[in-house]
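Descriptive structure summary
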Amino acid sequence: MSTIYKDEGQFVRELIECTASKIDFERPELSLKTQALLSAHPAKTQVICVASGKGGTGKTMISTNISVALASKGLNVALIDADFGLANSHILLGLEPRFDISSVLAGKKHVADVIEHGPFGVKLVPGGSGFSELSMMDDDKFRYLVRELSYLEEKTDVVIIDLAAGITPQIMRLLSAAHEIIVVTTPEVTSLIDAYALIKSLTQIVEQVTVKMIVNRAPDQSRAMVAFQKIWSVVNKHLCGKASLMFLGWLPQNFYVQNSIACRKPVILKHPKSIAARAIENMAEKIHKNYRSWKGRQVDRWGAPSYFAKLEATAYVR
Amino acid sequence: MELERVTELLKIKPAVVESGTTAVDDDLFIPLVGEIDMVGVSRGRLILACVFDELQSRHLKQLPDIHRWAQENSKLLEHAYRAKGLSKGFSICIWYLCRAVGSDAELLLPALSDFPLNIYRYRTVKSKGRESLAVEQLAVKPQTDVIKIPTNINFELNEQEMGEFLKTDDEITYTGPDLNS
């Protein structure tokens, strides 16, 4: 039989008073497992994952340009092309890699050996193209790759990971450990729906998701605003408390972007005065500012853990 | 004195740490269970807040017990909050607020990563002759748990979600954050 209380406050007060005396505050020393965790170290490198639900949103163009823009500000930047097997960041950076991630996975090369240097010293880890087996690695291969990539932890300030499109377990895995997540969408409703589905999926894995949105290929700012408003309001309504969205910027689709791609040069270098280039510089400035603040918090054991260490601690469940 | 002021401020304005914190009623601010100074709900979480001057290892060693107590009693607490229409259910979150962190406490922190713990540092600041409290979260707790990735991810949108995306652009009024900020 349940007891009826005058008010809920009284109920909770009594509950607390009754149980407080039962708590033994003098606990024994911590276990060996927890002692072992004392060796945990904060991340030295900030890892930013760039994702999209739908393909063809311009993720790679944005990832390469932001990487170059951050490097031009003096940061030591690495770009991992994680669209394994279908990678093309090297094309947009005007590079012709001799080796790629497949050589690392085959045990023939280390990550340091496959890195190519782009504008302002951007370190590109090419994802390889022309084969599909890398798009779904088994657990052992994945962990091996992560350990190899952790080489970048000591060598860079920021790592940008250009992910493949879609909502596969491997993409979710790479996203789950990220320090920052950028989702690129276009104003089309199908692209917005897929971006939302990606964020929704991530909330099933990560407790609180913060996503920075980029609206690409918007005819003008008002269309970019409408697109962001749509996804922002649905997230606030249906994923409240689980996910929050921030606006990182918008980009127009115009001749300058297309021309820079055709010329295999980042638009910020090819057409630095274009609206697109200035928009990217603006986004990079926000990311840089955020990085400085993040770095300031990474001074001791309080810091966020290493992306690669966290990634190694992921596992698939059925 | 400062410690008392922080506790008082939390009672009056818990949102100083995080917006949306709602206590069941004022009487709930009871410093009885160990070091707990405040109980409230926020964003689907049961918040147990403890305020210290300097956070020491002995405070942190109480964490497993406070967490266990909250787990054992969460159903009862949920009942109280649900009756007030404040929450349909919640997860447990423990906040430690302190002015400084002792070195012995700092060493223990990584070992407590299994617990839902947020640590905030507070300090008084003066602005335009007025004193107020600045609170910052010290860090995300080191994540050492295994992150489980489902191989079968359900990302289907329900009808409501889909309906909102299918609104025409004319039906949209921008109410989001300032895009130029």
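What comes next is a walk through the structure. (Residues numbered from 1 in each chain as written. Chains lettered and ligands numbered in written order. Predicted model: local features only at pLDDT ≥ 70, side-chain atom pairs only at ≥ 80, totals over all residues. Heavy atoms only, no water.)

Concerning the overall build of chain B
When helices and strands are counted, chain B shows five helices and six strands. Listing the helices and strands of chain B from first to last along the sequence gives α-β-β-α-α-β-α-β-β-β-α. Expressed as a percentage of its 181 residues, the buried residues of chain B come to 48%. Summarising the internal contacts of chain B: among those between residues at least 6 apart in sequence, 59% fall at separations of at least 24. Total accessible area on chain B is roughly 9,300 Å²; 48% of this is exposed by carbon and sulfur atoms. (Helix = DSSP H or I, 4+ residues; strand = E, 2+ residues; numbered from the N terminus. Buried < 20%, exposed > 50% of the residue type's maximum accessible area, 1.4 Å probe, protein only. Contact = heavy atoms within 4.5 Å. Areas by Shrake-Rupley, 256 points an atom, 1.4 Å probe, with all protein chains shown as cover.)

Quick look at the packing of aromatic side chains
All names here are of chain A. Going through the model one piece at a time under the given rule, you end up with six aromatic pairs over all chains. Judged by centre distance (5.4 Å) and plane angle (70 degrees), the rings of Phe-255 and Tyr-256 are edge-to-face. Sitting over the ring of Phe-99, Lys-109 keeps its end group 4.4 Å from the ring centre. (Phe/Tyr/Trp six-rings, centres within 6.5 Å; stacked < 30°, edge-to-face > 60°. Lys NZ or Arg CZ within 6 Å of the ring centre and 35° of its normal.)

Overview of the environment of Ile-149 of chain B
On the secondary structure map, Ile-149 of chain B appears in strand β6 (residues 147–150). Those residues in contact with Ile-149 of chain B that lie beyond four places of it in its chain are Pro-169, Met-172, Arg-173, Ser-176, Ile-205, Thr-314, Ala-315, Tyr-316 and Val-317 of chain A.

Digging into helix α12 (residues 255–262) of chain A
Residues and elements named next belong to chain A. Along α12, the residues that are buried comprise Val-257, Asn-259 and Ser-260. Taken down its axis, α12 places every buried residue within 165 degrees of arc, on the same side. What points out from α12, more than 90 degrees from its buried face, is the exposed set Phe-255 and Ala-262. Along its buried surface, α12 packs onto α3 (59–72), β8 (243–252), α13 (267–270) and α14 (275–297). Positive phi appears at Arg-264, one or two residues downstream of α12, with a value of about 55 degrees. (Arc of directions from axis to C-beta.)

Notes on the environment of Leu-138 of chain B
Structurally, the position occupied by Leu-138 of chain B is in the loop between β5 (130–137) and β6. Each C-alpha atom, one on Leu-138 of chain B and one on Tyr-122 of chain B, is 9.7 Å from the other, the two residues being 16 residues apart in sequence.

Focus: helix α7 (residues 139–149) of chain A
Residue and element names in this part refer to chain A. Every buried residue of α7 is accounted for by Phe-142, Leu-145, Val-146, Glu-148 and Leu-149. The buried residues of α7 all sit within an arc of 160 degrees when viewed along its axis, so they share a single face. The N-cap residue of α7 is Asp-138: its side-chain oxygen and the backbone nitrogen of Asp-140 are 3.2 Å apart. (Polar contact = N/O pair within 3.5 Å; in protein donor to acceptor, adjacent residues only side chain to side chain.)

Considering the sheet that holds strand β3 (residues 116–117) of chain A
All names here are of chain A. The strand order β3-β4-β2-β5-β1-β6-β7-β8 describes an open sheet built from eight strands, whose pairing is mixed. A single partner strand is all that each edge strand has here, and the edge strands are β3 and β8. Along the sheet, α14 contacts β1 (46–51), β5 (158–163), β6 (180–185), β7 (209–218) and β8; its crossing angle with β8, the most-contacted strand, is approximately 145 degrees. (Pairing = 2+ DSSP bridges. Axes fitted to C-alpha atoms, helices over the stretch in contact; angles between N-to-C directions.)

Brief notes about the pattern of salt bridges
Residue and element names in this part refer to chain A. Considering all chains together, one arrives at twelve salt bridges over all chains under this definition. One salt bridge in this structure joins Lys-73 and Glu-285, with 3.1 Å as the shortest N-O distance. Within this pair, whereas Lys-73 is found in the loop between α3 and β2 (77–82), its partner Glu-285 is found in helix α14, the two being separated by 212 residues in sequence. The class for Lys-73 is partly exposed, based on a relative accessible area of 29%. Under the relative-accessibility criterion, Glu-285 is labelled partly exposed at 34%. We note a salt bridge from Asp-139 to Arg-173, for which the minimum N-O separation is 2.8 Å. Of the two residues, Asp-139 is situated in helix α7 and Arg-173 in helix α9 (residues 169–176); the sequence distance between them amounts to 34 residues. Its relative accessible area of 26% is what places Asp-139 among the partly exposed residues. The exposure class of Arg-173 is buried, given its relative accessible area of 0%. What emerges from the salt-bridge pattern is a single network uniting Lys-73, Glu-281 and Glu-285. (Salt bridge = Lys/Arg side-chain N within 4 Å of Asp/Glu carboxyl O.)

Examining the packing of helix α10 (residues 189–203) of chain A against helix α11 (residues 221–238) of chain A
Residue and element names in this part refer to chain A. For the pair α10 and α11, interaxial distance at closest approach is 10 Å and the crossing angle is 30 degrees. By the criterion of interaxial angle, the relationship of α10 to α11 is roughly parallel. Between α10 and α11 lies a crossing whose hand is right-handed. Across the interface between the two elements, Leu-192, Ala-195, Tyr-196 and Ile-199 of α10 pack against Ala-227, Lys-230, Ile-231, Val-234, Val-235 and His-238 of α11. Split by residue class, the contact of α10 with α11 holds eight nonpolar, one polar and one charged. (Parallel < 35°, antiparallel > 145°, perpendicular 65-115°, else oblique. Left-handed = near helix turned anticlockwise from the far one by under 90°. Nonpolar A, V, L, I, M, F, W, Y, C, P; charged D, E, K, R; others polar.)

Quick look at the nonpolar core
All names here are of chain A. Core analysis: the largest hydrophobic core is formed by 67 residues, its most contacted members being Leu-175, Ile-231 and Tyr-307. With eight residues, the top contributor of residues to this core is α10. When residues no more than four places from it in sequence are discounted, the contact partners of Tyr-307 are Val-47, Cys-49, Glu-153, Ile-161, Leu-174, Ala-177, Ala-178 and His-179. Counting residues in hydrophobic clusters, the runner-up holds 38 residues, among them Ile-48, Leu-92, Ile-268 and Ile-287. (Core = buried A, V, L, I, M, F, W, Y, C linked by side-chain atoms within 4.5 Å.)

So, the pairing of β5 of chain A
All names here are of chain A. The buried count for β5 comes to six of six residues, which makes it a mostly enclosed element. Burial along β5 is two-sided: Val-158, Ile-160 and Asp-162 and Val-159, Ile-161 and Leu-163, pointing in opposite directions, are all buried. Of the strand pairs in this sheet, β1 and β5 are connected by five bridges, and their pairing is parallel. When the bridges of β5 are listed, Cys-49 appears paired with Ile-161.

Don't take any of this as a statement about function, it's just geometry.
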